[in-house]
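Fold and contact review
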Amino acid sequence: MLDFNKIKEVAQGYQADMTAFLRAIVKNPGESCDEKAHVETIAAEMKKLDFDEVVIDPQGNVIGYMGTGDKIIAFDGHIDTVGIGNINNWTFDPYDGYENETEIGGRGVSDQCGGVVSAVYGAKIMKDYNLIPEGYKIMVVGSVQEEDCDGLCWQYIINEDKVRPEFVVSTEPTDGGIYRGQRGRMEIRIDVKGVSCHGSAPERGDNAIYKMADILQDVRALNENDDADETEIKGLVKMLNPKYNPDWEEARFLGRGTVTTSQIFYTSPSRCAVADSCAVSLDRRMTFGETWESCLEEIRNLPSVKKYGDDVVVSMYNYDRPSYTGCVYEIECYFPTWAIPKDHKVTKALEAAYHGLYGDKRIGAADTLEMRQARPLTDKWTFSTNGVSIMGRNGIPCIGFGPGAEAQAHAPNEMTWKQDLVTCAAVYAALPMSYCE
């Protein structure tokens, strides 16, 4: 039987160490494809805590192992961050950060280096107190390039490192909850051709921007329309309707898909000429029942796209940016929807570990408690995670529990709570034995 009180006590005793470790990680910029300093800091901490093996793979992911069994339980946290944006929106230096009795501030503390910190110390507790089940080893991953291309790191780990865990815990921030899924996403490009001419006689040309304007009205309709029989362009809300989607129940759990125009490009000989090309990027969030093929066809079948025929090309972006090691691992910008069943063994094991330690409600700092406890303990993410590869592409069960808050991600004045680091380390430490009971 697990001694939950002992696990909580030990985890609490490491709060100062975890805080110092997190501050050490975020003191240096670690944007996607420039994570080298973060990796070195994490590897050094793993070695200091007597991990049985610490490796940095060719892509640059830092991986630590506790235990020597053949079966693997993994904990993943991405260690890259987004930029800081407008520094004037910060009330403190994002890389120096701040610390008070209950909080830590700095770029990456919530999204999501804090999760790696909790996982590293959770693994130490497991080893020191014989909480690694026989035949298993614990894998803690500090993964790279997630902010650029969710899941790319795990495609590399699974296909190139040849590591396939029995299940993975994503340590992305969950506001004190257990998350069993997320909407997927993909990055779509629409290119439109036109013919330039002098702006004084626009009728002699074929303005690509005007064509794109028509198309964007139809794209907007996808996001805003209902799914009534008489609606020509049915809105994405249709996927919540059993009439259109056999997976409507999980779609309602994750939420409807969305689409928005995120970028626009054009070419024109000059400011006094008709534009001869126009392109846009679309951010498409997908729910259950939607695939990359269905999303591309949905755009191709819009009335305005069909109207302009061969002058319009709809495609999906590819990602081919090198990691900080110089490794290029090309992949489509498609990040599948996923959810682990609510009655799955992994879901139940994490819930049992949490209940044994902290009860049946979310916990957290006093200023977060009302918001957190208004939500169910087991829920889902709004944003995307490496689960798109772990479970979405590869079918490896994935569950989420991590320190910090989604709302802190990519925001100025990013912060997290020290108690969350402790809570997560304790739950991680209890999970493997809970799973194997």
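A brief look at the structure comes next. (Residues numbered from 1 in each chain as written. Predicted model: local features only at pLDDT ≥ 70, side-chain atom pairs only at ≥ 80, totals over all residues. Heavy atoms only, no water.)

**Considering the sheet that holds strand β4 (residues 98-99)**
Note: strands within a sheet are paired through backbone hydrogen bonds, in either parallel or antiparallel orientation. If you trace the three strands from one edge of the open sheet to the other, you get β4-β5-β20, paired in antiparallel fashion. Pairing within the sheet leaves two strands with one partner each, and these edge strands are β4 and β20 (415-417). With two bridges connecting them, β4 and strand β5 (residues 103-105) associate as antiparallel partners. From the neighbouring strand, Glu99 faces β5, where its bridge partner is Ile104. The sheet contacts of helix α4 (residues 109-128) involve β5 and β20, and relative to β20 the element is tilted by about 40°. Contacts between helix α13 (residues 418-436) and the sheet are confined to β4, β5 and β20, with β20 contributing the most and set at about 55° to the helix. (Pairing = 2+ DSSP bridges. Helix = DSSP H or I, 4+ residues; strand = E, 2+ residues; numbered from the N terminus. Contact = heavy atoms within 4.5 Å. Axes fitted to C-alpha atoms, helices over the stretch in contact; angles between N-to-C directions.)

**Re the pairing of strand β7 (residues 167-170)**
The side-chain alternation of β7 yields two buried faces, one formed by Phe167 and Val169 and the other by Val168 and Ser170. Where β7 and strand β19 (residues 398-400) come together, three bridges link them in parallel fashion. If you follow Val168 over to β19, its bridge partner there is Cys398. (Buried < 20%, exposed > 50% of the residue type's maximum accessible area, 1.4 Å probe, protein only.)

**So, a nonpolar patch on the surface**
Together, Ile209, Tyr210 and Tyr266 give the surface a local cluster of nonpolar side chains, amounting to about 380 Å² of exposed area. Within the fold, Tyr266 resides in strand β11 (residues 258-267). Look at Tyr266 and you get exposed, because its relative accessible area is 57%. (Patch = residues over 30% accessible without salt bridge, like charges linked within 9 Å, V, L, I, M, F, W, Y side chains within 5 Å. Areas by Shrake-Rupley, 256 points an atom, 1.4 Å probe, with all protein chains shown as cover. Salt bridge = Lys/Arg side-chain N within 4 Å of Asp/Glu carboxyl O.)

**Side note on the pattern of salt bridges**
Scanning the entire structure with this criterion turns up 30 salt bridges. Residues Glu224 and Arg220 are paired through a salt bridge, measuring 3.2 Å at the closest nitrogen-oxygen approach. Here Glu224 pairs with Arg220, and both are found in helix α6 (residues 208-224), just four residues apart, close to one helical turn. Residue class for Arg220 comes out partly exposed when judged on its relative accessible area of 48%. Note that Lys243 is salt-bridged to Asp229, the shortest N-O span being 2.6 Å. With Lys243 in the loop between α6 and α7 (248-254) and Asp229 in the loop between α6 and α7, this pair connects stretches of sequence that are 14 residues apart. The same class applies to Lys243 as to Asp229, namely exposed. In this structure, a network of salt bridges that share partners links the residues Asp175, Arg362, Arg372, Arg375, Asp379, Lys380 and Asp420.

**Considerations on the environment of Gly205**
Here Gly205 is to be found in the loop between β10 (184-193) and α6. Here the alpha-carbon distance between Gly205 and Ala273, two residues 68 residues apart in the chain, equals 9.0 Å. Residues contacting Gly205, with those up to four places away along its chain left out, are Val195 and Cys197.

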